[in-house]
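# Reading the structure
Spelled out, the chains give:
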Amino acid sequence: MKESKLYRFIVTLIRPFARLLYRLEVRGLENVPSKGKVILCPNHTSNADPVLLAITLKRQIYFMAKAELFNNKLLGKLFKMVGAFPVNRGKGDSSAIDTAEDILENGEQLGLFIEGTRSKTGEFLRPKTGCAMIAYKTTTPILPICISGKNEHTVKIFRKNIISIGKPILTSELSIKEETGKEFRNASRFIMENIKDLDPVDYSK
């Protein structure tokens, strides 16, 4: 799977402006593999989250995004041209899962927000099981990522924001043996705890 030239052009174009606006600090960049399949699994508090990840990492990220974003034909076509693909949330979208598996089989980076939607309060939401299920089925390591402001969870412009990348979680660490719903829920909570551990917010203030 070839990297999209449009993706690279857009990322290169907006990188300096986004870094200036969001005053980004990146931690744990050494945990990101330079090649091979991996699932990027961040929390989600801002519409800017995919952009901030894209300008931070060298390789193209193929994001799974809510189907509503593709309702506009022009925008939908643009999203697809830069590697994003739709998922119908809460409906067991087999087509989206197949696309995700194809991306990983090609040794690419899949971006999957574990909460399934953006947190409007900035607090961590209940994790969905999709990340754990796809990772287990494809034996793909998961990178827990926390995207946050320095002193509050929500990312905001003209303030310092931090992207913290944890060490890869191997599928053997997910404790999935019988592929039950309970096991996948527990695995999802385990992934979320790893994301929370990266949280830079100082709660003592």
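Above this text sits the structure in question.
Residues numbered from 1 in each chain as written. Predicted model: local features only at pLDDT ≥ 70, side-chain atom pairs only at ≥ 80, totals over all residues. Heavy atoms only, no water.

What follows covers the overall build of the chain. A tally of helices and strands in the chain yields 6 helices and 7 strands. What you see in the chain, going N to C, is helices and strands ordered as α-β-β-α-β-α-β-α-β-α-β-β-α. Since a compact globule built from 205 residues should have a radius of gyration of about 17 Å, the 16 Å found for the chain is in line with a globular shape. Projected onto its principal axes, the C-alpha coordinates of the chain cover approximately 45 × 45 × 30 Å. Counting across all 205 residues of the chain, residues that qualify as buried make up 46%. Contacts in the chain between residues at least 24 apart in sequence constitute 71% of all its contacts with a sequence separation of at least 6. As presented, the chain carries roughly 11400 Å² of accessible surface, and 55% of it is formed by carbon and sulfur atoms. (Helix = DSSP H or I, 4+ residues; strand = E, 2+ residues; numbered from the N terminus. Rg over C-alpha atoms; globule rule 2.2 N^0.38 Å. Buried < 20%, exposed > 50% of the residue type's maximum accessible area, 1.4 Å probe, protein only. Contact = heavy atoms within 4.5 Å. Areas by Shrake-Rupley, 256 points an atom, 1.4 Å probe, with all protein chains shown as cover.)

It is worth spelling out the sheet that holds strand 7 (residues 161-165) at this point. Paired through their backbone hydrogen bonds, the strands of a sheet run either parallel or antiparallel. The mixed open sheet is built from 7 strands, whose spatial order is 1-7-6-2-5-3-4. Each edge of the open sheet carries a strand with a single partner, namely strand 1 (24-27) and strand 4 (85-87). On average, adjacent strands in this sheet sit at an angle of 25° to one another, irrespective of strand direction. Sheet analysis places strand 6 (residues 142-149) next to strand 7, joined by 5 bridges and oriented antiparallel. Bridge pairing in strand 7 places Cys146 opposite Ser164. Against the sheet, helix 6 (residues 181-196) contacts strand 2 (38-42) and strand 6, and its axis sits at roughly 45° relative to strand 6. (Pairing = 2+ DSSP bridges. Axes fitted to C-alpha atoms, helices over the stretch in contact; angles between N-to-C directions.)

Most of strand 3 (residues 61-66) is tucked away, with 5 of its 6 residues classed as buried. As defined by bridge partners, strand 3 adjoins strand 5 (residues 109-111) across 3 bridges and the pair is classed as parallel. Within strand 5, the residue paired with Tyr62 across the bridge is Leu110. Of the pairings in the sheet, the one linking strand 3 to strand 4 comprises 3 bridges and is parallel in character. Following the sheet pairing, Lys66 is matched in strand 4 by Val87. Once the chain exits strand 3 it traverses helix 3 (residues 73-81) before rejoining the sheet at strand 4, and the crossover so formed is right-handed. (Right-handed = clockwise from strand over helix to strand, strands pointing away.)

A few words on the pairing of strand 7. The buried fraction of strand 7 is high, at 5 of 5 residues. Burial along strand 7 is two-sided: the face carrying Asn161, Ile163 and Ile165 and the face carrying Ile162 and Ser164 are both buried. Here strand 1 pairs with strand 7 via 4 bridges, running parallel. The residue bridging Val26 from the neighbouring strand is Ile163, located in strand 7.

All we've got here are geometric facts, nothing functional implied.
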